[in-house]
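Observations on chain architecture
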Amino acid sequence: MAVLHYHGSCQCGAVDFDVDADLGHTVVCNCSRCRRLGSVLAFAPRESFTLNSGEDNLTEYQFNKHLIHHLFCKTCGIQSFSFGETPDGKQMVALNVNTLDGVDARSLPSQAFDGASV
């Protein structure tokens, strides 16, 4: 696949965003958080992401090594994205592909990631 433009939001619509991302490679993680959420993840450079609305409606959760900023809507509880860094220090966004309009996350090629062992 190629880098394409996507629109996404939480369930209630309070958190609304746009992102340019390549969904040709997604990840299903088995860490204690992702497993419970059922997230299908794609990653993009932070500069490819625009939060259109809802910054004041986000709350954060961190766990384990506190390296990823898991952000979710205070109203509906949906985690649409997280912010973090790649191992070489580049800012990135982890997208919950389930929150992107018109995308069937489960039809995309996915790789399992053993986050439970990290």
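Residues numbered from 1 in each chain as written. Predicted model: local features only at pLDDT ≥ 70, side-chain atom pairs only at ≥ 80, totals over all residues. Heavy atoms only, no water.

**Considering the nonpolar core**
Judged by nonpolar contacts, the single largest core of 23 residues is most densely connected at Val19, Leu23, Phe49, Phe81, Leu95, Val97 and Leu100. Elements with a minimum of two residues in this core: strand 2 (16–22), strand 4 (41–45), strand 7 (69–73), strand 8 (81–85) and strand 9 (91–96). In terms of residue count, strand 2 provides more of this core than any other element does, three residues in total. Setting aside anything within four residues of it in sequence, one finds Phe81 in contact with Val15, Phe17, Phe49, Leu51, Leu58, Leu71, Val93, Ala94, Leu95 and Asn96. Judged by nonpolar contacts, the second largest core, of five residues, contains Val27, Cys29, Cys34 and Leu41. (Core = buried A, V, L, I, M, F, W, Y, C linked by side-chain atoms within 4.5 Å. Buried < 20%, exposed > 50% of the residue type's maximum accessible area, 1.4 Å probe, protein only. Helix = DSSP H or I, 4+ residues; strand = E, 2+ residues; numbered from the N terminus. Contact = heavy atoms within 4.5 Å.)

**A word on the pattern of salt bridges**
Under the counting rule described, the total for this entry stands at one salt bridge. For Lys90, the salt bridge is made with Asp88, and the minimal N-O distance between the two is 3.7 Å. Since its relative accessible area comes to 54%, Asp88 is described here as exposed. (Salt bridge = Lys/Arg side-chain N within 4 Å of Asp/Glu carboxyl O.)

**Topic: the side chain of Ser80**
The residue Ser80 is located in the loop between strand 7 and strand 8 in this model. Ser80 gets classed as buried once you look at its relative accessible area, which sits at 2%. Not counting residues within four places of it along the chain, the set of residues in contact with Ser80 comprises Ser9, Cys10, Phe17, Leu71, Ala94, Leu95, Asn96 and Thr99.

**Quick word on the packing of aromatic side chains**
Under the defined criterion, the tally for this structure stands at five aromatic pairs. Here a set of aromatic residues connected by ring pairs shows up, and it is made of Phe17, Phe49, Phe81 and Phe83. In this structure, Arg46 packs its charged tip against the face of Phe83, placed 4.0 Å from the ring centre. (Phe/Tyr/Trp six-rings, centres within 6.5 Å; stacked < 30°, edge-to-face > 60°. Lys NZ or Arg CZ within 6 Å of the ring centre and 35° of its normal.)

**Digging into the confidence of the model for the protein**
In the predicted model, the protein carries a mean pLDDT of 89, and 95% of its residues have values of at least 70. By mean pLDDT, the top-scoring element of the protein is strand 5 (residues 49–53) (98), and the lowest-scoring one is strand 10 (residues 110–113) (74). (pLDDT = per-residue confidence, 0-100.)

**Regarding the sheet that holds strand 2**
Here we have three strands laid out as an open sheet, ordered 1-2-5, and antiparallel in their pairing. Strand pairing shows two members of the sheet lacking a second neighbour, strand 1 (3–9) and strand 5, which therefore form its edges. Between one strand and the next, the sheet's axes are offset by a mean angle of 20°, whatever the strand orientation. (Pairing = 2+ DSSP bridges. Axes fitted to C-alpha atoms, helices over the stretch in contact; angles between N-to-C directions.)

**A few points about the state of the cysteines**
All chains considered together, the criterion is met by zero disulfides. Looking at the unpaired Cys10, the closest cysteine sulfur is the one in Cys12, lying at 3.7 Å. Its relative accessible area of 4% is what places Cys10 among the buried residues. (Disulfide = S-S within 2.5 Å.)

**Things to note about the pairing of strand 9**
The element strand 9 is extensively covered by neighbouring structure, given that five of its six residues are classed as buried. The sheet contact formed by strand 4 and strand 9 spans five bridges and is antiparallel. Bridge assignment links Ala44 to a residue of strand 9, and that residue is Val93. Here strand 8 runs beside strand 9; their pairing, made up of five bridges, is antiparallel. Bridge pairing in strand 9 links Ser82 to Ala94. Remark: five residues form the turn of the hairpin made by strand 8 and strand 9, two consecutive strands paired antiparallel; Gly89 in that turn has positive phi of roughly 95°.

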